Amino acid sequence: MNKITLELAKKIIAGAEEEATKLGISMVISVVDDGGNLVAIHRMDDAWLASIEIAQNKAWTSVALKMPTGNLADATVPAAELFGLNTTNNGRLVVFGGGIPLLIDGKVVGAIGVSGSAVPHDVQVAEAGVKVFNEQSTL
């Protein structure tokens, strides 16, 4: 497998949603392919409307920069070397946690983006989706 299909995206989202449900938080979960194109998005009941775009942009950022969005947090604060990075790409880059690339043999094949809570919860839910992806990609 080297492509994020809709079937796989649904499984990734289901795993992430299960974790969000355990936390008691309504979230938006998005999955994109290796080009940053949306494959699937899921908005849980009562999730914040603003989280729709944020989740998509987190996933896109992870693909575009081939790293978790949380890796950008320290480098983008005032006076840091990448301060203002989030203003590039029409403001689409997200510089806080919740976006994680999906990797096969070290190659980015897509990403998950999660939004709807505090950053640690967004990351936890995204990691649950990555876990499902990793389990599926080894089948």
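Residues numbered from 1 in each chain as written. Predicted model: local features only at pLDDT ≥ 70, side-chain atom pairs only at ≥ 80, totals over all residues. Heavy atoms only, no water.

*Asks:* What is the right way to look at helix α2 (residues 50–65) in this model?
*Replies:* One turn of the α-helix equals 3.6 residues, which is why residues spaced by three or four share an orientation. An ideal rise of 1.5 Å per residue puts 22 Å on 16 residues; α2 measures up with 23 Å between its terminal C-alpha atoms. Restricting attention to buried positions, one finds in α2 the residues Ser51, Ala55, Asn57, Lys58, Ala59, Trp60, Thr61, Ser62 and Val63. In this structure, the buried side of α2 is in contact with β1 (28–33), β3 (99–104), β4 (107–115) and α3 (119–137). Downstream of α2 by a residue or two, Lys66 has a phi angle that is positive, lying close to 55 degrees. (Helix = DSSP H or I, 4+ residues; strand = E, 2+ residues; numbered from the N terminus. Expected span 1.5 Å × (residues − 1). Buried < 20%, exposed > 50% of the residue type's maximum accessible area, 1.4 Å probe, protein only. Contact = heavy atoms within 4.5 Å.)

*Asks:* How should the sheet that holds β4 be read in this particular structure?
*Replies:* Strand order in the open sheet formed by four strands is β2-β1-β4-β3, with antiparallel pairing between adjacent strands. What marks the edges here is a single partner per strand, and that holds for β2 (38–43) and β3. Sheet twist, expressed as the average angle between the axes of neighbouring strands with direction ignored, equals 15 degrees. Two strands pair when backbone bridges link them, and β1 and β4 are joined in this way by six bridges, in the antiparallel orientation. Looking at the pairing, Val31 lines up with Ile112 of β4. The strands touched by helix α1 (residues 6–23) within the sheet are β1, β2, β3 and β4, with β2 carrying the most contacts at an inclination of about 30 degrees. (Pairing = 2+ DSSP bridges. Axes fitted to C-alpha atoms, helices over the stretch in contact; angles between N-to-C directions.)

*Asks:* Can you walk me through the pattern of salt bridges in this structure?
*Replies:* Note that side chains of opposite charge can pair when their charged atoms are close. Applying the stated criterion across every chain, the model contains four salt bridges. For the salt bridge of Asp122 with Lys58, the shortest nitrogen-to-oxygen distance reads 2.8 Å. In this pair, Asp122 sits in helix α3 while Lys58 sits in helix α2, placing the two residues 64 residues apart along the sequence. On the accessibility criterion, Asp122 (2% relative accessible area) is buried. (Salt bridge = Lys/Arg side-chain N within 4 Å of Asp/Glu carboxyl O.)

*Asks:* Would you mind going over the side chain of Ser51 with me for this structure?
*Replies:* Tracing the backbone through its elements, the reader meets Ser51 in helix α2. Polar side-chain contacts of Ser51 include one of 3.1 Å to the side chain of Ser115. (Polar contact = N/O pair within 3.5 Å; in protein donor to acceptor, adjacent residues only side chain to side chain.)

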